[in-house]
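As a plain string of letters, each chain reads:
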Amino acid sequence: MIGAEPVPETLASRAAVLFTMFRGGDEAKMGELVALLTPILWHTVRGQRLDRESAEDVLQTTWLALVRSSESIADPQAVLQWLIVSARREAWRVVKRTDRVEPKEFEADELVSPARDIPEEMVLRSDGEGRLWQHIAQLPERCRSLLRVIAFADRPDYAAVAKSLGMPVGSIGPTRGRCLAKLRLQLDNDPGWES
């Protein structure tokens, strides 16, 4: 169509394209899908208070479940949401089964992605990023959950994020704004923070 504006590419749409290509027989696309979505899934799972080893197991189980269930997902656009919900449910199952997790705040180094996710790992290990995550850990749970998910997506798919977090789509942006304002205030009051 002439003059039509291009539809913005979202994380969900990129995931859908890779997932469709994988189901079409291009097995290498699964590796690209894993690389694209693991940071979001990692923080979703770690947000359920799992230790690093258990979180890695949950991610592996989630990815295997996707491969086994790939033909049952009718709409490829739903693959991001399917993965987030599946990872969260598996994390809950592990927490309930093992009862190894005690309620506590994350330490800065516990929020870093595994070594195989190195671009994010290198950034998160810096002192400034560690301090940032310490301040995020002081935010209310709703803010922590939302910021964990949207922080690792170039263009978050608000519909998928809203559904996976149980929030109305229209509240994602305003809630994010309020959470970021709280975070900014904390950082402004931190003498060790350099913007």
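As shown above, the structure is provided for reference.
Scope of this entry: the structure provided in the associated data block. One numbering rule holds for all chains: residues counted from 1, following each sequence as written. Reporting of local features is limited, given that this is a predicted model, to residues whose pLDDT is at least 70; pairs of side-chain atoms are given and counted only at 80 or more, and all residues count toward the totals for whole chains, interfaces and linings. Side-chain numbers here rest on the full set of heavy atoms in the structure, without hydrogens or water.

With that settled, consider the overall build of the protein. Secondary structure elements are taken from DSSP: a helix is a run of H or I of four residues or more, a strand is a run of E of two residues or more, and numbering for both begins at the N terminus. Within the protein, the secondary structure is distributed over nine helices and zero strands. Of the regular secondary structure in the protein, the N- to C-terminal order runs α-α-α-α-α-α-α-α-α. For the protein, buried positions account for 43% of its 195 residues. Any two residues whose heavy atoms approach within 4.5 Å are treated as being in contact. Put simply, 66% of the contacts in the protein that link residues at least 6 apart link residues at least 24 apart. Where accessible areas are quoted, they stem from the Shrake-Rupley method and a 1.4 Å probe; at the residue level, only the protein chains shown are allowed to cover. On the protein, roughly 10900 Å² of surface is accessible, and the fraction owed to carbon and sulfur atoms is 54%. Partly exposed describes any residue whose relative accessible area lies between the buried limit of under 20% and the exposed limit of over 50%, with all areas from a 1.4 Å probe on protein chains only and scaled to the type maximum.

Below, the discussion takes up the environment of S171. With respect to the element layout, S171 can be found in helix α9 (residues 169-188). As a C-alpha pair, S171 and Y158 span 13 residues in sequence and 9.6 Å in three-dimensional space. For this analysis, a polar contact is any N or O atom pair within 3.5 Å, provided that within protein one partner can donate a hydrogen and the other can accept it, and provided that sequence-adjacent residues contribute only side-chain to side-chain pairs. Within the local environment of S171, its side chain forms a polar contact with the backbone oxygen of P168, the two atoms lying 2.8 Å apart.

Our next topic: the pattern of salt bridges. Throughout this description, the term salt bridge denotes a Lys or Arg side-chain nitrogen within 4 Å of a carboxyl oxygen of Asp or Glu. For the structure on display, the rule yields three salt bridges. Put simply, E90 and R93 hold a salt bridge, and the shortest N to O gap is 2.4 Å. Of the two residues, E90 and R93 are both situated in helix α4 (residues 79-98); the distance of three residues between them amounts to about one turn of the helix. Overall, the relative accessible area of 40% leaves R93 in the partly exposed class.

Moving on, we get to helix α8 (residues 158-165). Along α8, the residues that are buried comprise A160, V161, A162, S164 and L165. Tucked into the core, α8 has its buried residues touching α4, α7 (141-150) and α9. Downstream of α8 by one or two residues, G166 has phi in the positive range, about 70°.

In this section: the packing of helix α2 (residues 28-46) against helix α3 (residues 52-69). What describes two packed helices is the angle between their axes and the distance between those same axes. The angle between two axes is taken between their N-to-C directions and runs from 0 to 180 degrees, where each axis is a line fitted to C-alpha atoms and a helix contributes only its stretch in contact. Closest axis-to-axis distance for the α2/α3 pair is 10 Å, and the angle between their directions is 135°. On the basis of the axis angle, α2 is oblique to α3. The hand of the α2/α3 crossing is right-handed. Here α2 contributes M30, L33, V34, L37, T38, L41, W42, V45 and R46 to the contact with α3, which in turn contributes R52, A55, E56, V58, L59, W63, L66 and V67. Put simply, Ala, Val, Leu, Ile, Met, Phe, Trp, Tyr, Cys and Pro go in the nonpolar bin, Asp, Glu, Lys and Arg in the charged bin, and everything else, Gly too, in the polar bin. In the contact of α2 with α3, the residues fall into 13 nonpolar, one polar and three charged. Note on terminology: angles under 35 degrees are roughly parallel, angles over 145 are roughly antiparallel, angles of 65 to 115 are roughly perpendicular, and the others are oblique. Crossing handedness is defined as follows: a turn of the near helix away from the far one that is anticlockwise and smaller than a right angle gives a left-handed crossing, while the clockwise case is right-handed.

So, about the state of the cysteines. Disulfides are defined as pairs of cysteine sulfur atoms found within 2.5 Å of each other. Counted according to the given criterion, the structure contains one disulfide. C143 shares a disulfide with C179; S-S distance 2.1 Å. Looking along the S-S bond of the C143-C179 disulfide, the torsion reads about -80°, which is the left-handed sense. Of this pair, C143 sits in helix α7 while C179 sits in helix α9, and the two are 36 residues apart along the sequence. With respect to class, C143 is no different from C179; both count as buried.

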